[in-house]
Amino acid sequence: MDYALCGIPIRLDCSTICAKRQLAHILQTLFSVSPGSFSTSSRGIELRISNATEEPVTGEVVFHAPDLSALRTARGYHLRTPDSFLSLDLMDGRAEGSLSDAFLESPLEKQRGLWLLALLLLLARRGRYALHAGAAVSPDGQGVLLAGVSGSGKTTLTCALARSGWSYLSDDSVLLKDTPAGVEALAFGRPFHCAPAMFRHYPELGAQSVAPRSGKRLVEVASLYPGQSRSHAQPRVVLFPEIVATAETQAIPLSGTETLVRLLRNGAAKIHHRASMAAQMAVLAKLATSAHGYRLLHGADVHGHPQRVAALLQQLAQSPGGCNDLHSAA
Amino acid sequence: MTCIPQPDAEVLAMALPDQDIVLLHQDSGKYFSLNLTGSLIWRMLEASACHADIVRELVDRFDVTAEAATAALREFLHDLTIQRLITIPREEPA
């Protein structure tokens, strides 16, 4: 069986059927991977996992952390964990490497970094560009992006909107795709990334937590908000949330340039491939032009009165650009 | 003879409807936004305008003296050079 992710065919080529099943399960749990078809003529992605020995690799080290490092090579990148590696050929859309049993059996949040980086680099060459953003759709069908760094409140806002009846794509990462009708956001990351402090306001999330350890926990929310998951949306509004010590949430309009710069901040990864950058920037510029950007200073009402915040965002999505400095209590 | 700075080949420039320009350096991944004045200068650099033409345009558009415009242009070009957004071609012998 082959798979698809955000419309891009994926072929898994593993040394054993068991390993292929295991890899498919990991990718389906972490990302919005679904069954699909793959042909050699399709511009897809191939993941080839074997017991190959890692050959010496030379290249510029572009990222280094204890659990993951990346070298830039002639054909793409070489990603390495302490006991596994993936070599990315971005020209051919292929990742080849060897993954240890210990890596494959480690908690998913430990594996996520390697898979995320590999897929985002491969998908960018296939016209799917990552944005560090949550995404939700109002009851009347208006798409809203919540773009920002970790800790800016994307997950909290996405959960507040889901509780108020909105649909959601993701709390943390979407892919952007250029279409003749405009820029489309595609659901990418599956589980929500919840700080344990959220569980005080959203106890149902704590019950669904699948990674009981320190730091953010992965939470599968499909059963908490049934029927509210969406695969894609056309964003009408792009919000850049900031947590502030006020009672009421406030939205402050941004110019197209300010919106594009903030989108670049959340979309231009530290590790990037130059062949994809021009197209990625064009998509972000199209989004900054077609959707309206706002700083969203969200206050205590996100927890106390999420329906008020949902009403504010619905108002923005219905008449974007026509509002100035809106407050949630207005 | 004065050399005319050129936008670096690695730089992507995106003009938005609000007239500002956003620059992205493909090699470093760094991005920059230019205000109205910076965007005007950038467009003139793209058109290979010389220093004197740019200064004249700044004086005409922004009601500044030629000395102030020259100093501002020099500082702006210095910043662009530091960020590798422009290159200054080697001076050819006359």
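The structure displayed is predicted, hence computed values, not measured ones.

Calculation rules
- Residues numbered from 1 in each chain as written.
- Chains lettered and ligands numbered in written order.
- Predicted model: local features only at pLDDT ≥ 70, side-chain atom pairs only at ≥ 80, totals over all residues.
- Helix = DSSP H or I, 4+ residues; strand = E, 2+ residues; numbered from the N terminus.
- Rg over C-alpha atoms; globule rule 2.2 N^0.38 Å.
- Buried ≥ 20, exposed ≤ 12 C-beta atoms within 10 Å, placed from the backbone.
- Contact = placed C-beta atoms within 7 Å.
- Pairing = 2+ DSSP bridges.
- Axes fitted to C-alpha atoms, helices over the stretch in contact; angles between N-to-C directions.
- pLDDT = per-residue confidence, 0-100.
- Core = buried A, V, L, I, M, F, W, Y, C linked by C-beta atoms within 7 Å.
- Domains from an automatic or database assignment.
- Nonpolar A, V, L, I, M, F, W, Y, C, P; charged D, E, K, R; others polar.

A.B. asks: Can you break down the overall build of chain B residue by residue, with the values?
C.D. replies: A count of helices and strands for chain B gives three helices and five strands. Reading chain B from its N terminus to its C terminus gives the helix and strand order β-β-β-β-α-α-α-β. Its C-alpha atoms give chain B a radius of gyration of 13 Å, near enough to 12 Å, the size a compact globule of 94 residues would have. Principal-axis analysis of the C-alpha atoms gives chain B an extent of 40 × 35 × 20 Å. A total of 94 residues make up chain B; the buried ones form 20% of that total. Once local pairs closer than 6 in sequence are excluded, the contacts in chain B between residues at least 24 apart make up 43%.

A.B. asks: Quick rundown of the overall build of chain A? Include the residues and the values.
C.D. replies: When its secondary structure is counted, chain A shows nine helices and 22 strands. For 330 residues, the compact-globule estimate of 2.2 N^0.38 gives 20 Å, and chain A sits close to it at 20 Å. Here chain A holds 330 residues, and the buried ones make up 46% of them.

A.B. asks: Can you tell me about the sheet that holds strand 4 (residues 45-49) of chain A, naming the residues and giving the values?
C.D. replies: Residues and elements named next belong to chain A. Here we have nine strands laid out as an open sheet, ordered 3-1-2-4-9-8-7-6-5, and mixed in their pairing. In the strand order of this sheet, the two ends are held by strand 3 (33-36) and strand 5 (60-65), each with one partner. Taking the axes of each pair of neighbouring strands and ignoring which way they run, one obtains an average angle of 20° across the sheet. One ladder, built from four bridges, connects strand 6 (residues 68-72) with strand 7 (residues 76-80); its direction is antiparallel. Bridging across to strand 7, L71 finds its partner in H78. Against the sheet, helix 1 (residues 17-30) makes contact with strand 1 (2-5), strand 2 (8-14), strand 3 and strand 4, and its axis sits at roughly 145° relative to strand 2, the strand it touches most.

A.B. asks: Could you give me a rundown of the interface of chain A and chain B, with the residues and numbers involved?
C.D. replies: Taken together, the contact pairs 16 residues of chain A with 13 residues of chain B. Broken down by secondary-structure element, the contributors of at least two residues to the side of chain A that touches chain B are helix 6 (256-267) and helix 7 (274-290) of chain A. It is helix 7 of chain A that provides the largest number of residues to the side of chain A that touches chain B, a total of seven residues.

A.B. asks: Can you lay out the confidence of the model for chain A for me, pointing to particular residues and giving the numbers?
C.D. replies: With 92% of its residues at a pLDDT of 70 or more, chain A shows a mean pLDDT of 88. Ranking the elements of chain A by mean pLDDT puts strand 22 (residues 326-327) of chain A last, at 60, and strand 12 (residues 143-147) of chain A first, at 97.

A.B. asks: Please set out unusual backbone geometry residue by residue, giving values where relevant.
C.D. replies: All names here are of chain B. Positive phi is not limited to glycine here, since S48 has a value of about 60°. In this fold, S48 is placed in the loop between helix 1 (36-46) and helix 2 (51-62). Residue classification places S48 among the exposed residues on the basis of 11 C-beta atoms within 10 Å. The phi torsion at R84 lies on the positive side, around 60°, for a residue other than glycine. Tracing the sequence through the fold places R84 in the loop between helix 3 (66-82) and strand 5 (86-87).

A.B. asks: Residue-level account of the sheet that holds strand 4 (residues 31-34) of chain B, with values.
C.D. replies: As a general point, the strands of a sheet are linked pairwise by backbone hydrogen bonds and lie either parallel or antiparallel. Residue and element names in this part refer to chain B. Read across the open sheet, the three strands follow the order 2-3-4; overall the sheet is antiparallel. On the outer flanks of this sheet lie strand 2 (11-15) and strand 4, each paired with one strand and no other. Averaged over all neighbouring strand pairs, the angle between strand axes comes to 20°, with direction disregarded. Here strand 3 (residues 21-25) pairs with strand 4 via four bridges, running antiparallel. Residue V22 lies in a different strand from strand 4, and its bridge partner there is S33.

A.B. asks: So, the nonpolar core: which residues are in play, and what are the values?
C.D. replies: Residues and elements named next belong to chain A. The biggest cluster of nonpolar side chains holds 108 residues, and the ones touching the most others in it are A135 and V174. Residue-level mapping places this core at the junction of two domains, with at least three residues from each of domain 1 (2-53 + 90-126) and domain 2 (130-327). Once residues lying within four places of it in the same chain are set aside, the contact partners of A135 are G143, V144, L145, L146, Y168, L169, S170, V174, A185 and A233.

A.B. asks: Go over helix 4 (residues 154-163) of chain A, please, and point to the residues and values.
C.D. replies: All names here are of chain A. By the criterion of burial, helix 4 is predominantly enclosed, with nine of the 10 residues buried. By the burial criterion, the buried members of helix 4 are K154, T155, T156, L157, T158, C159, A160, L161 and A162. Phi turns positive one or two residues past the end of helix 4, at G165, with a value near 95°.

A.B. asks: Which residues make up the domain arrangement of chain A, and what values do they have?
C.D. replies: Residue and element names in this part refer to chain A. Per the domain assignment, the segments of chain A are domain 1 (2-53 + 90-126) and domain 2 (130-327). Taken together, the contact pairs 15 residues of domain 1 with 16 residues of domain 2. Elements represented by at least two residues in the side of domain 1 that touches domain 2 include exactly helix 1 and helix 3 (108-124). The element best represented in the side of domain 1 that touches domain 2 is helix 3, accounting for seven residues. Here the side of domain 1 that touches domain 2 is built from residues that sort into 11 nonpolar, two polar and two charged.

A.B. asks: Kindly report on the pairing of strand 12 of chain A, identifying the contributing residues and their values.
C.D. replies: The two faces of a sheet get side chains in turn, since along a regular strand they alternate between them. Residues and elements named next belong to chain A. Summarising burial for strand 12: five of the five residues are buried, a large majority. Along strand 12, one buried face is formed by G143, L145 and A147 and the opposite face, lined by V144 and L146, is buried too. Sheet analysis places strand 11 (residues 133-137) next to strand 12, joined by five bridges and oriented antiparallel. Paired with A135 across the two strands is L145, which belongs to strand 12. The loop that links strand 11 with its antiparallel partner strand 12 comprises five residues; one of these, G141, has a positive phi angle of about 90°.

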